[in-house]
Structure formats: C-alpha cells, structure tokens
Amino acid sequence: MNTSQPLTMQDKPRLTQTAPIKRAKVPSPRRIAQRHRMVMAVKYLLPATAALLLTMLAIWPEIDHEVDAARVTYRRLAATASNGTRLTGATYRGVDEQNRPYTVTAHAAEQVDQERINLAQPKADATLQNGNWLMVQSKKGVYLQHLGMLDMTGDVTLYRDDGTVMTSQTASLNMHHGAVSSSDKVSLEGPFGTLDASHGFTLLDRGNIMQFHGPSRMVLNAARSSGTTQAKTAP
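Just so it is clear, the structure is predicted and the values come from calculations on it, not from any experiment. (Residues numbered from 1 in each chain as written. Predicted model: local features only at pLDDT ≥ 70, side-chain atom pairs only at ≥ 80, totals over all residues. Heavy atoms only, no water.)

Q: What is the right way to read a nonpolar patch on the surface from this model?
A: Residues Met38, Val42 and Leu46 make up a contiguous nonpolar surface patch of about 310 Å² in total accessible area. With respect to the helices, strands and loops of the structure, leucine 46 is situated in helix α1 (residues 29-69). Relative accessible area serves as the criterion here: at 56%, leucine 46 is assigned to the exposed category. (Patch = residues over 30% accessible without salt bridge, like charges linked within 9 Å, V, L, I, M, F, W, Y side chains within 5 Å. Areas by Shrake-Rupley, 256 points an atom, 1.4 Å probe, with all protein chains shown as cover. Salt bridge = Lys/Arg side-chain N within 4 Å of Asp/Glu carboxyl O. Helix = DSSP H or I, 4+ residues; strand = E, 2+ residues; numbered from the N terminus. Buried < 20%, exposed > 50% of the residue type's maximum accessible area, 1.4 Å probe, protein only.)

Now the structure itself:
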C-alpha cells in the first residue's frame, strides 16, 4: 500500500526573476540619412587620398632633386648700391649627370644677373666614383648656375687626395659633366713625377682621365705610382 508524504517547504518549486529584455532603439530616418551620407563620403574620400599619396611618392624624388640642385646657402647678405646683391660665404651644392655630389664655395659672390655670379676666391669640390676627392681653387671665378659652368682665373690650383697638384692661370669647369679644361700652360706634380704642358690640359671623369696638349715634358720618379689615372699628351 502506497502512502504519500506531505510536501515540505524545500520541495516546493522556486520562482526565479529574470532581467527585463532590452529592445534595440530603432534609429530615426534622419539618423539613417546622416549615416548614409557619411558612408558615401568615406567611400569617395579614401580612394582620392590614396591616389594623392601615390602621386606624391612618384614625383617626390624629382622635387627633392631640383631643390637640392638649386640650393644656395648664404651666411650673410649685404646689398650694394651699384652692383646689386653681394654675398659673403656663399655655398652652392648640386649633383652631376651621374648623381655625384659637388660643392662650389666662395669668400664673396656678386649676383650680376639672373644666371651669372662673380666669385672671389672660389673653390669647387667633387667626389670621384671611387670615393676619392678633387678640389680646384683660384683667385676669381664666374659661375653660370643654369649651365653648371665655372670659369676660374688667377693662380688656379687643382688638388687630388692622391697627392697630385696641378697649377695654371685659367680653368673652365663643367660641374654637370665632371670636366676641367684649360688652354694655358700647366704644371703638374704627383706621385709619378712632374709634367709641364705648354698648351693646357683636359680632365675628364672628374680627373680620372688627364690629357695634356702641346709640347710637354715629363719627369718620372724612380718608384712610379700604380694608380688608375690615365694620363696622355696630345699634339
């Protein structure tokens, strides 16, 4: 015979309280229209920005090259009443056709016109392809910026870091092509010995190739240099 037992308080079912369900707020038509306009603006703005960045990356090397080739640094600027602008401590930096750097400095510079600059005690420095160094200086000079031409007069002296020294009264430098030439008598002294040429010289490839013109006299040292410079005399 089955007997049933009365339910106690522990056996009664328990009721649990659940949190109320939050319903998402439906945006208004005005809010939806604002979001749509924002999405459309971003859709067209991002491609335009990307195209602008790509264009700047493509043309920046040319801009940087032009700025660097035309950069002139002046320490002090003074105006003269009759001769226009006179500069003290002028420095011009650029690169030649093979992207090798060169520098032209002067104790004083006078701007004659848009292209021509008269220089006092000019110096031209260049770095060779193999890292060697070449420098030319004189008492006076005329610099044509656009052509990259520097005409030097008065005690023109050329130095190379291998110990070569060349002297003449005039020299024309083509900074863009890395060439130096003169039709005046030239004297040269270097590790190989000495050389005198009556009708001048031509230096190509920033002095790696030397040509001497007219009757020449060369005296070689007992221990000749084994450098790579090519020197020859031309009639």
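Next, the rest of the story.
Q: What is the right way to read the pattern of salt bridges from this model?
A: Pairs may arise between side chains of opposite charge once their charged atoms sit close together. Under the definition given, this model contains three salt bridges. Taking the shortest distance from any N to any O, the salt bridge between arginine 100 and aspartate 96 comes out at 2.9 Å. Considered together, arginine 100 and aspartate 96 belong to a single accessibility category, that of buried residues. Residue lysine 139 pairs with aspartate 155 through a salt bridge whose shortest N-O separation is 3.3 Å. Here lysine 139 is found in the loop between β6 (133-137) and β7 (140-144), whereas its partner aspartate 155 is found in strand β8 (residues 149-160), with 16 residues between them in sequence.

Q: Hey, could you run me through the environment of histidine 199 in this one?
A: Residue position: histidine 199 is located in the loop between β12 (193-197) and β13 (201-204). When the C-alpha atoms of histidine 199 and glycine 214 are compared, they prove to be 4.8 Å apart, with 15 residues separating the residues in sequence. Setting aside residues up to four positions removed in sequence, histidine 199 forms contacts with Ser182, Ser183, Asp184, His213, Gly214 and Pro215. (Contact = heavy atoms within 4.5 Å.)

Q: Could you clarify how one ought to interpret the pairing of β8 in this entry?
A: Within a regular beta strand, the side chains point alternately toward one face of the sheet and then the other, so they alternate between its two faces. In terms of strand pairing, β6 meets β8 through four bridges, oriented antiparallel. Across the sheet, leucine 134 pairs through a bridge with arginine 160, a residue of β8. Two elements, β7 and β8, share five bridges in a ladder whose sense is antiparallel. Along β8, the bridge assignment pairs glycine 141 with methionine 152. The turn joining β7 and β8, which pair antiparallel and follow one another in sequence, is formed by four residues; a positive phi near 70 degrees is taken by glycine 148. In this structure, β8 lies alongside strand β9 (residues 165-174), joined through nine bridges in antiparallel fashion. (Pairing = 2+ DSSP bridges.)

Q: When you look at the pairing of β12 in this model, what are you seeing that I'm missing?
A: Judged by which residues are buried, β12 turns out to be one-sided: Gly193, Leu195 and Ala197 face inward and are buried, whereas Thr194 and Asp196, on the alternate face, are not. Sheet topology note: the strand β11 (residues 186-190)/β12 ladder contains five bridges and is antiparallel. Looking at β12, one finds that serine 187 is bridged to aspartate 196. Counted along the chain from β11 to the antiparallel partner β12, the turn is two residues long. Two elements, β12 and strand β15 (residues 216-220), share five bridges in a ladder whose sense is antiparallel. Each bridged residue has a counterpart across the sheet, and for alanine 197 the counterpart in β15 is serine 216.

Q: Explanation requested: unusual backbone geometry in the structure shown.
A: A positive phi angle is found at glutamine 121, which is not glycine, with a value near 55 degrees. Tracing the backbone shows glutamine 121 in the loop between β4 (116-120) and β5 (123-127). Phi at aspartate 155 takes a positive value of approximately 50 degrees, unusual for a residue other than glycine.

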